[in-house]
Amino acid sequence: EGLITEKTVGIIPVHLFGLCAEIAHVLDLAEKYGLWIVEDAACALGSFYQGKHAGTFGDVGCFSFHPRKSITTGEGGMLTVADAEVSRRCDAFRNHGAVMPPQEPGQEQTRVHASYSIAGLNYRLSDIQAALGNAQLDRLDFLMSERNRCAEYYQRHLSGLDWLRLPATPEHMTHGWQSYVTLMATDPPTLQNVERLHAERNRLMVYLQECGIATRPGTHAPAHLEYFAGKYEISPEDFPKSYLAERLSMALPLFPGMTEEQLAHVVTQIHSYEQVSV
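Structure report, in brief. Just so we're clear, the structure is a prediction, and the values are computed from it rather than from any experiment.

1. Some details on empty space enclosed by the protein
Moving on, step 1. Within the structure shown, the criterion is met by one cavity of 30 Å³ or more.
Moving on, step 2. For the largest cavity, the calculated volume is near 60 Å³.
Moving on, step 3. Lining the largest cavity are A42, C43, A44, L45, F63, S64, F65, K69, S70, I71 and Q178.
Moving on, step 4. Looking at the lining of the largest cavity, its residues break down into seven nonpolar, three polar and one charged.

2. Brief notes about the sheet that holds strand β2 (residues 36-40)
Moving on, step 1. With respect to topology, four strands assemble into an open sheet ordered β1-β2-β5-β6, the strand pairing being mixed. Both edges of this open sheet fall to β1 (10-11) and β6 (77-81), since each of them pairs with a single strand only.
Moving on, step 2. For β1 and β2, the ladder comprises two bridges, and the chain directions are parallel. Note on β2: the bridge partner recorded for G10 is W36.

3. Quick notes on helix α7 (residues 240-248)
Moving on, step 1. Those residues of α7 that sit buried are Y243, L244, E246 and L248.
Moving on, step 2. Those residues of α7 hidden inside the fold are in contact with β9 (180-184), α5 (194-210) and β10 (249-252).

4. Considering the sheet that holds β10
Moving on, step 1. Read across the open sheet, the three strands follow the order β7-β9-β10; overall the sheet is antiparallel. Pairing within the sheet leaves two strands with one partner each, and these edge strands are β7 (164-165) and β10.
Moving on, step 2. The pairing of β9 with β10 spans four bridges and is classified as antiparallel. Within the sheet, the bridge partner assigned to T182 lies in β10 and is M250.
Moving on, step 3. Taken strand by strand, α7 contacts β9 and β10, and its axis lies near 50° from that of β10.

Thresholds, definitions, all that
- Residues numbered from 1 in each chain as written.
- Predicted model: local features only at pLDDT ≥ 70, side-chain atom pairs only at ≥ 80, totals over all residues.
- Heavy atoms only, no water.
- 1 Å grid on protein atoms, 1.4 Å probe; cavity = no way out; pocket = protein on both sides within 12 Å on 5 of 7 lines; lining within 4 Å.
- Points joined across faces, edges and corners; volume = space filled by probe spheres on them.
- Nonpolar A, V, L, I, M, F, W, Y, C, P; charged D, E, K, R; others polar.
- Pairing = 2+ DSSP bridges.
- Helix = DSSP H or I, 4+ residues; strand = E, 2+ residues; numbered from the N terminus.
- Buried < 20%, exposed > 50% of the residue type's maximum accessible area, 1.4 Å probe, protein only.
- Contact = heavy atoms within 4.5 Å.
- Axes fitted to C-alpha atoms, helices over the stretch in contact; angles between N-to-C directions.

In structure tokens form, the structure reads like this:
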């Protein structure tokens with residue numbers, strides 16, 4: 001709240017890895033200061049906060065259908081919009097700025113009648129991609145249950161490790177498990193020991209790769225990437241938690257159809273690494 005100024009016009013909360021942000025607090029701030037909310041729900045398909053789906057709290061919710069997401073159209077995404085006028089502007093913006101006039105019953109619209117009163121871009125999802133997405137939406141319950149099954153296996157079989165922090169789900173949320181992201185913590189992470197722990201995280205990832213297990217950093221914090229850090233003179237001390245997350249997080253394999261044998265292999269090798277290296 002202390003960062004809100006007279007220049008502030010809106011808030012963009014991020015629902016990360018399939019877990020909702022504490023959206024109730026964001027809604028209170030938006031109402032108090034008259035701000036709009038655009039939810040970054042790119043990772044939040046199947047994620048709920050107090051029984052309500054991510055992307056339906058603010059003015060706009062933005063979902064991603066990138067190949068890493070719970071359903072994919074190859075690229076592209078979806079908006080959930082609360083206001084009809086905002087929806088109209090979004091529709092125009094994605095289609096070169098074309099605004100269609102109100103349609104009379106029985107009247108067919110043609111592009112001849114479109115006006116171009118705003119500057120737009122080409123953000124249209126192709127019909128083939130949309131059909132692919134619709135087919136996966138029909139299987140969404142199955143896809144989400146599979147992700148939950150894999151995550152529950154990891155939670156059960158990795159919970160005894162004191163050096164690898166696992167994701168936690170508050171009681172008032174339902175996790176969508178877009179990713180299963182862990183955090184290297186052989187010691188409590190700080191800015192003073194982060195580089196040592198970062199090297200340890202990387203050794204673990206190399207070890208797992210040698211065992212045939214693909215992992216990746218859990219997240220990239222834009223504030224600490226070269227371009228933004230240089231442009232805005234951002235240091236790790238400015239956003240220490242995001243810096244630690246970027247340097248120390250690791251996403252484990254998780255996908256629908258992942259067998260118990262595959263899950264057990266991941267768990268076994270992580271425990272083997274603990275015995276050898278930690």
